[in-house]
Amino acid sequence: MAQQFDLLLDNGHVIDPKNGIDGRMDVAIAGDSIARVSEDIPASSAGRVVDVSGLYVTPGIIDMHAHVFHGTNAQSYIADAYVSLPPDGFTFRAGVTTVVDAGSAGWKNFRTFKEQTIDRAKTRVLAFLNIVGVGMLGRYEEQNVADMNPKMTTLMIRELFPDLIVGIKSAHYWGDFTQVEKAVEAGRQADVPVMVDFGEHDPPLSLETLLMDKLRPGDIFTHTYSYTRGREAVVDENFKVKPYIFDAQDRGIVFDVGHGGGSLIWHQVIPSMEQGFYPDVISSDLHTSSMNGGMKNMANLMSKFLNMDMPLEEVILRSTWTPAQVIGREDLGHLSEGGVADVAVFNVKEGEFGFLDARGRTMKGNEKLEAELTIRDGRIVWDLNGRAVPLWDEEPRRY
């Protein structure tokens, strides 16, 4: 008789924040969907059984801030550029099944991004559309107010790619609040959130004005724990979180990590965590500099928060269900029966580890997440230790 399920993850510890699951459960997959999550699903009911005893089974990780508009334009900064990365080489090995590109492309070059990356990737790739028409072509091009077109940005989202574009990005602007205001105007028209990379102003613009007056509830402040010239930090010179930061979070502003190559500094994030200011979303800001620097990958980044005493279930929440809600994709980020079978299986290793920030300083830790298995649309796309296949000597030798 045919088995009821194609794949069974047996005897793992399931953490599924949306459904309030945090305990030993089996997860059965049929085709590309979650078929059942419960205790003691019979092994005989599945075509393939993978023993995940001692491991944590979670929804596939959603990295809400990455740069994956990979290309070969040597004159470009991030759009169609060498700095951006082809997603499949850097996602599954960290448990990531969905990335959201954070504004690499604008309305003028989004089609190229779609053809080169989105349509070719096994990773699910969504996007914030840059309010600048040419996207992140270069720092000077990003100052062109005439290329900040809310109407065309809105049309690209609502009329052409509503299933792929989940928000709007404002970034790298040296002037006043004009770029943010245009992005928010487009966000209202398209009914999507705005993500703001706020900085590079001399003198710095008021962060309180941005968070309390310019952005709407549901809009996103990224690079939360940055400390750099031209940008007001969330922690003051006495290492206290500024009171309006808590007020902004209470009014619905989403605080995104966006680690990147320069945007997670220990003297910002550790005092924040100690004072109860947690990020809403954990994200990588993946690109060539960040993945070879302090960030490494999402599993390493999630491990940093685990070692700052954020409970594992909270780490998973901020890497799965919360980003899914922020981008309006509530079909993702959970293990509900009938939902898409995007799953990550993690080992929590114990030992002596070091974690780098974006300034090259180390925090010691004793726990580290490692992705053992990643499943995308019901198919195993990453198997670190060969758990899902037979041993070589269990089958007859043949050439």
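Just above sits the structure.
I will try to describe carefully the structure that is included in this document. (Residues numbered from 1 in each chain as written. Predicted model: local features only at pLDDT ≥ 70, side-chain atom pairs only at ≥ 80, totals over all residues. Heavy atoms only, no water.)

1. Focus on the overall build of the protein
Part 1: Along the backbone of the protein there are 10 helices and 15 strands.
Part 2: If you sum the accessible surface of the protein, you get close to 16700 Å²; carbon and sulfur atoms cover 46% of it.
Part 3: Across the protein, 38 positive and 57 negative side-chain charges occur, with their mean positions spaced 5 Å apart. (Helix = DSSP H or I, 4+ residues; strand = E, 2+ residues; numbered from the N terminus. Areas by Shrake-Rupley, 256 points an atom, 1.4 Å probe, with all protein chains shown as cover. Lys, Arg positive; Asp, Glu negative; His and termini not counted. Charge placed at Lys NZ, Arg CZ, Asp CG, Glu CD.)

2. A closer look at the pattern of salt bridges
Part 1: Taken as a whole and assessed by the stated rule, the structure comprises 16 salt bridges.
Part 2: For R24, the salt bridge is made with D26, and the minimal N-O distance between the two is 3.1 Å.
Part 3: R24 gets classed as partly exposed once you look at its relative accessible area, which sits at 31%.
Part 4: Two residues, E372 and R387, come together in a salt bridge whose shortest N-O distance is 3.0 Å. With a gap of 15 residues between them, E372 in strand β14 (residues 362-376) and R387 in the segment after β15 (379-383) connect regions that are remote in the sequence.
Part 5: Residue classification places E372 among the buried residues on the basis of a relative accessible area of 2%.
Part 6: The partly exposed category is assigned to R387, whose relative accessible area is 33%. (Salt bridge = Lys/Arg side-chain N within 4 Å of Asp/Glu carboxyl O. Buried < 20%, exposed > 50% of the residue type's maximum accessible area, 1.4 Å probe, protein only.)

3. Here's the deal with the environment of S289
Part 1: In this structure, S289 sits in helix α7 (residues 288-291).
Part 2: A C-alpha to C-alpha distance of 23 Å links S289 and V132, two positions 157 residues apart in sequence.

4. Side note on the pairing of strand β9 (residues 165-171)
Part 1: Burial analysis of β9 places 7 of its 7 residues in the buried class, the great majority of the element.
Part 2: For strand β8 (residues 124-130) and β9, the ladder comprises 4 bridges, and the chain directions are parallel. Within β9, the position partnered with N130 by the bridge is K169.
Part 3: Handedness of the crossover is the feature at issue here: the chain leaves β8, passes through helix α2 (residues 150-160), returns alongside β9, and the resulting connection is right-handed.
Part 4: In this structure, β9 lies alongside strand β10 (residues 194-197), joined through 4 bridges in parallel fashion. (Pairing = 2+ DSSP bridges. Right-handed = clockwise from strand over helix to strand, strands pointing away.)

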